[in-house]
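One letter stands for each residue in the lines below.
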Amino acid sequence: MTRLVEVPAQFDDRSFDQFASAFAEAAKDGERLLFDAHAAEWASPYGLVGLLAAGQAARGTGGRGGGSAERPLLTAPTHADVLTYWTRAGFFREAAELFEIHGKVPRVKAAEESDVLLPVTPVRAAEDVHAVVSNIQQRASAILASELGLDPKATMGFAMALSEACQNIVEHAGTGGWVAVQAYHWRRRLAKRVVVIAVADAGVGFRHSLEPTQSKRFGTRWGDAAALEAALIQGVSRFRDPGRGQGLAGIRRYLARWDGKIAIRSGTARIAIVPKWDDDVPLKDGLPAFPGAQVLIIIPEQGSTKP
Amino acid sequence: MIQHIDVHAVLQESVSGVYTDLVTRPTGRVVRECIERAMATDAGDGAIARIDFTRVGCIDYSCADEIVAKLLRSRPGVLVLMGISDGHREAIEPVLAGHRLAVLIERPDGTLEAVGAPDAAAALLEGLVTRRLAARTPGGTLTLA
């Protein structure tokens, strides 16, 4: 039997819990999954890399014995513009390995000259992080300075933040993941242009990664929310080396300077550093379980950012 | 004799002939180990080593920690960083402050500045003068002696 997982029509960080809930419900008995995106109208970079992470997890857990060779199914969006955008964003290039795709996927190259600053890109090893950082700098420089009004010097900080976000996959996930970077006009929530970094994997997640070194300290409070709090707020790492844990702290510093936002979802919790212009909540627990970690970083156009 | 180490060249030789960025811990570790080997085999007196970051693109926090902080902790002599851009400083300063360490940066005009934890930075400059490794210019700034 095949279980259906509906992809929200507007698929972004806000609708991700709805998707995670459907995924958790469908995946619990180990049947083959069908991700239904035929009615998708829009997906943010977070939605796209999150969908890939779901495909990765479904491949790992599918089949009653676990670890099925049978790929999950994916019905592609039927709307031509949506389909073209997902293709330009590099989604189908990665999805082809994970899903058995149903629907006509256009033969469009992943974007090289557009608001897609970095198409969906796999991150499996340090070498991939080098490639990501190298590719992003020239293109991000123009967008950050001319369109977002950031000081040109901010470009290097942006590359650092991107590098550290990607390294979380390499160092902690225990599996590969994906990153995507895009600039767009965020009419609905901010009426400004933003640059968004989305990183997702279906690996072990923050709680599992930090458990050996942190669980005793938190006692009965230990769980996904406590692990995220330890990593993002307290800057702890699973490594005992005192220099570890710098990455997320560095991202926070960068975002504080540019009024940006970071949100990390892992397991059943989500933590966010919420700027004044956003109405997100700092910490949510008891969410539908979703494997690995999903990171969202938003840097808004500079100038007045009305809450 | 002051030892000179070209980090860009080390990166190109040891990790990648393509990339110019110091990102990821594995890269930082390999580059640091190469620098340590170069320092160990150098014929200089070992008192001062100039680490040149010219032509290095981005440095992330992981590499700042893996290279600069760990070299400072492991090396008894004085490290002087040169070719440091504002972007490089953005990664290096907070990492050193977190470790309560400081390092010398040599500006293009040859004057020295200590960055990192304020207490460690002050002690570093004071120690340089005491050991006569640096001298004060008429303008009051420090340069290597």
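Small disclaimer: the values here were computed from a predicted structure and weren't measured.

**Remarks on the nonpolar core**
Residues and elements named next belong to chain A.
- Core analysis: the biggest nonpolar cluster contains 140 residues, and Val-49, Leu-162, Val-179 and Ile-297 have the highest contact counts within it.
- Looking at this core element by element, the count peaks at twelve residues for helix 6 (residues 154-173).
- Residue contributions to this core reach at least three from each of two domains, namely domain 1 (1-104) and domain 2 (115-307).
- Leave out the neighbours within four places in its chain, and Leu-162 touches Val-132, Val-133, Ile-136, Val-181 and Ile-197.

**A few points about the interface of chain A and chain B**
- Contacts between chain A and chain B engage 20 residues on the former and 22 residues on the latter.
- Listed by contribution, the elements that provide at least two residues to the side of chain A that touches chain B are helix 5 (126-147), helix 6 and helix 9 (246-257) of chain A.
- Taken together, the residues of the side of chain A that touches chain B break down into seven nonpolar, ten polar and three charged.

**A short note on the sheet that holds strand 3 (residues 32-36) of chain A**
All names here are of chain A.
- The parallel open sheet is built from four strands, whose spatial order is 1-3-5-6. Strand pairing shows two members of the sheet lacking a second neighbour, strand 1 (2-6) and strand 6 (100-102), which therefore form its edges. Neighbouring strand axes in the sheet, compared pairwise and without regard to direction, differ in orientation by 25° on average.
- Sheet strands touched by helix 1 (residues 16-27): strand 1 and strand 3. Its angle to strand 1, the strand with the most contacts, is close to 175°.

**A few points about the packing of helix 6 of chain A against helix 4 (residues 86-99) of chain B**
- One way to put it is that helix 6 of chain A packs onto helix 4 of chain B with a least axis distance of 8 Å and a crossing angle of 45°. Overall, the two elements helix 6 of chain A and helix 4 of chain B adopt an arrangement that is oblique. In this structure, the crossing between helix 6 of chain A and helix 4 of chain B has a hand that is right-handed. Between helix 6 of chain A, through Met-156, Gly-157 and Met-160 of chain A, and helix 4 of chain B, the contact on the second element is made entirely by Gly-87, Glu-90 and Ala-91 of chain B.
- Here the residues of the contact of helix 6 of chain A with helix 4 of chain B sort into three nonpolar, two polar and one charged.

**Quick notes on unusual backbone geometry**
All names here are of chain B.
- One non-glycine residue, Arg-100, adopts positive backbone phi at about 60°.
- With respect to the helices, strands and loops of the structure, Arg-100 is situated in the loop between helix 4 and strand 4 (102-106).
- Taking the number of C-beta atoms within 10 Å as the measure of exposure, Arg-100 has 11 and is therefore exposed.
- Positive phi, close to 60°, is recorded for Arg-132, a residue that is not glycine.
- Of note, Arg-132 is situated in the loop between helix 5 (118-130) and strand 6 (134-136).

**So, the confidence of the model for chain A**
- When pLDDT is averaged across chain A, the result is 88; 93% of the residues are at 70 or more.
- Within the model, the stretch residues 63-67 of chain A combines pLDDT values under 50 with seven contacts to residues more than four positions away or in other chains.

Rules behind the numbers
Residues numbered from 1 in each chain as written. Chains lettered and ligands numbered in written order. Predicted model: local features only at pLDDT ≥ 70, side-chain atom pairs only at ≥ 80, totals over all residues. Core = buried A, V, L, I, M, F, W, Y, C linked by C-beta atoms within 7 Å. Buried ≥ 20, exposed ≤ 12 C-beta atoms within 10 Å, placed from the backbone. Helix = DSSP H or I, 4+ residues; strand = E, 2+ residues; numbered from the N terminus. Domains from an automatic or database assignment. Contact = placed C-beta atoms within 7 Å. Nonpolar A, V, L, I, M, F, W, Y, C, P; charged D, E, K, R; others polar. Pairing = 2+ DSSP bridges. Axes fitted to C-alpha atoms, helices over the stretch in contact; angles between N-to-C directions. Parallel < 35°, antiparallel > 145°, perpendicular 65-115°, else oblique. Left-handed = near helix turned anticlockwise from the far one by under 90°. pLDDT = per-residue confidence, 0-100.

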